[in-house]
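This is what each chain is made of:
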Amino acid sequence: MKFSFQFTSACLRWPLLLLSGLIFLGGSPLLQAQVPGDPQLTKKNLLLRQQLKNAPPVKSATLCPPLPDPTGCTNGDFESGTLNASFITGMYGKKESSSLSYTGVQCAISGGNGLQSTAHHTIVSAAAPDHLGVPIPVVPPGSGGNFALRLGNSADGSGTEMITKTINVTADNAYYTFDYAVVLEDPGADHADPFRPTFRVRVYNRVTGRYIPNLVSMGPNGQDFVVPNSSSFFSTYTSPDRSHQPIMYSQWQCATIDLSSLIGQRVSIEFINEDCAWGAHFAYTYLDNLCGGCQLPNFPKISLNEKASGECGTGDWCFSYSAPANIRTSVQLSVKSTTGQVLLSKQSSLSNGGNGQACFSLTFDEYNALLQAGHQTVNIVATGNFSENGIKLPTQFAGLNNFPLKCPDYDIAPCCAPISNTLLAELFTYQSTGSISAPYRMEYTPTTFFNQAMQSFFQYQKALHPTLQRIEYHYLLQQVNGSAAPTPLGGAIVKVSPGINQPAFFPQNLSVNQWYEITVNAFPKGARWGLPDRCREAKFRFRVQVSTNARNAVPTLEVNTGQKTFRKPLLPTSSSR
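If you're wondering where the values come from, they're calculated on a predicted model, not measured in any experiment.

Got a sec to walk through the environment of Leu100? Specific residues and values, please.
With respect to the secondary-structure elements, Leu100 resides in the loop between strand S4 (89-95) and strand S5 (102-106). Between the C-alpha atom of Leu100 and that of Thr160, which follows or precedes it by 60 residues, the distance is 9.8 Å.

This is the structure in structure tokens:
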């Protein structure tokens, strides 16, 4: 009589021979287990599979209740030397033949030696090596810590274990980081990912009662799980007794979970270690520094460069990144609503490792569109994408949450008139009336960007104040006479409504080497509101000088903005524009 067991995939160590309805292994007959297209199972694993098939499956690990009071990052570095059930909940059971299905679930913490099948959640010490001799530190290098957590063991049997950390998401922990290293027995290419030894991370929203996808990226295709891959962060180890197939282990890696869209909500972060579903390949995972920041040396990372970034307004955000030379790096900027909706995104170019910086700026119209859509604050999220030879590495995040779009101190912003002194200084050109030393004339020559900025500012204010008819920009020209009061010379008014008037400014002839001062004020008309002085007025001084070289004399416009002085050469013309 023959017994046939059909599987879609299997987990085996030894070849079996089919002969007259019996299978022989080392001369001992075993029950037939022909599995077309896959390795075959030993008797022990066949019986285990049958037991698991008869047990009722648990389709979700969330049956283990969360802690009643979230504990944030308490003991996230495990430096207490214990795994306190008041900070973290634990679960263990058996992995079913499909992903994220479990049997025999126990909501408890169980530690022990890594060789024991009952060792599910074990605090390990930096003073002790890996129990199989895998050449990896059991505590992240450079962390200064003494302890870490090991999920799982090196015993077969389709075991799975999980810890859950429940937190209230705030701006401080919205980019939730953790360090991990995995030790996975490699079953080879005949196992599909759901059946392979695996480490995965999931986020469960306690408010909505649902898992939230696409927040964790660890695998080659951005999955929320990791299995052995060919990146340089994985190495192969063969145990001395050769009782196991090749063991793939990773160096310590860091991953970041972007929780910025969940600020104010309660979530559970599940860290799950899974053996092979068919029962003959083990997995265990080291965890540390939950919510502790990515501090691993030589691991790709990204951070906000606050010094290089603009503080507000049109948006200028710079992010520093570092990665080994063989790692490809790109950074994507996402401007999100406070509820997580992506409002716009920008992508940096790829670079090959090393230290670098990716800077992003919003155009005036992009910034204005955000404000007109009613977004007073946004989340600025930079995603660091790292890969090696096509293998995607854990994604890193950095950014700012609840970033205010209104900022009256900024030079050029929809909340401020576009009349910064540094910008206006670039709009005036020199016109000669003959020889270089003769009196001259300055003309207002607005750039395309300046015209767009003025229009965007008007449209933004019109949306906020429907009765607004126009905005007038009053220009005043004065001659500066040392410490004496400036002498007014004349002025002009630019009226901005649906169109922009560009009058000829300041017809007076001005003298070379004489300092003059221009003051610009913005006045809304038709609306009962006004701009603060610091936001509606600009003032700068200028003069035309003549620099002489061996061939000719070149007139130079020297501008003093009050903060800095800059010069630009001016080509004289015989007529005004």
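I'd love a proper account of the pattern of salt bridges, names of residues and values included.
Summed over the entire model, instances satisfying the criterion amount to eight salt bridges. Across the salt bridge formed by Glu270 and Arg202, the nearest N and O atoms sit 3.0 Å from each other. Of this pair, Glu270 sits in strand S16 (residues 266-274) while Arg202 sits in strand S10 (residues 198-205), and the two are 68 residues apart along the sequence. Across the pair Arg543 and Glu558 runs a salt bridge, and its minimum N-O distance is 3.2 Å. A residue pair is termed long-range when its members are at least 10 positions apart, and Arg543 in strand S30 (residues 537-548) and Glu558 in strand S31 (residues 553-560) qualify at 15 residues. A single burial state applies to Arg543 and to Glu558, both of which are buried. The structure contains a network of salt bridges with shared partners spanning Lys95, Arg200 and Glu274.

Tell me what's going on with the packing of aromatic side chains, and back it up with residues and numbers.
Under the counting rule described, the total for this entry stands at eleven aromatic pairs. Here the aromatic rings of Tyr180 and Phe199 are separated by 5.4 Å at their centres, their planes lie at 40°, and the arrangement is tilted. Of this pair, Tyr180 sits in strand S9 (residues 175-185) while Phe199 is found in strand S10, placing the two residues 19 residues apart along the sequence. The buried category is assigned to Tyr180, whose relative accessible area is 0%. Take Phe199: its relative accessible area is 0%, and that puts it in the buried class. Aromatic side chains Phe282 and Tyr284 sit 6.0 Å apart centroid to centroid with 15° between the ring planes, which places their arrangement in the stacked category. The rings of Phe178, Tyr180, Phe199 and Phe271 are connected pair by pair, giving a single aromatic cluster. Here the guanidinium or amino end of Arg202 rests over the ring plane of Tyr211, the centre of that ring lying 3.7 Å away.

Talk me through the pairing of strand S8 (residues 159-168); I want residue IDs and the actual numbers.
When a strand is regular, its side chains alternate between the sheet's two faces. Burial within S8 is extensive, with nine of its ten residues counted as buried. Relative to S8, S4 runs antiparallel, the two sharing six bridges. Across the sheet, Lys94 pairs through a bridge with Gly159, a residue of S8. Direction of pairing for S8 relative to S16: antiparallel, over a ladder of nine bridges. The residue bridging Lys165 from the neighbouring strand is Ile269, located in S16.

Explain helix H4 (residues 448-464) to me, using residue names and the numbers behind them.
The end-to-end C-alpha distance of H4 is 25 Å, a good match for the 24 Å that 17 residues give at a rise of 1.5 Å each. If you check which residues of H4 are buried, you get Phe450, Asn451, Ala453, Met454, Gln455, Ser456, Phe457, Phe458, Tyr460 and Gln461.

I'd love a proper account of the side chain of Arg543, names of residues and values included.
Residue class for Arg543 comes out buried when judged on its relative accessible area of 18%. If near-sequence neighbours (up to four positions away) are discounted, Arg543 is found in contact with Tyr440, Asn513, Gln514, Trp515, Thr556, Leu557 and Glu558.

What counts as what
- Residues numbered from 1 in each chain as written.
- Predicted model: local features only at pLDDT ≥ 70, side-chain atom pairs only at ≥ 80, totals over all residues.
- Heavy atoms only, no water.
- Helix = DSSP H or I, 4+ residues; strand = E, 2+ residues; numbered from the N terminus.
- Salt bridge = Lys/Arg side-chain N within 4 Å of Asp/Glu carboxyl O.
- Buried < 20%, exposed > 50% of the residue type's maximum accessible area, 1.4 Å probe, protein only.
- Phe/Tyr/Trp six-rings, centres within 6.5 Å; stacked < 30°, edge-to-face > 60°.
- Lys NZ or Arg CZ within 6 Å of the ring centre and 35° of its normal.
- Pairing = 2+ DSSP bridges.
- Expected span 1.5 Å × (residues − 1).
- Contact = heavy atoms within 4.5 Å.

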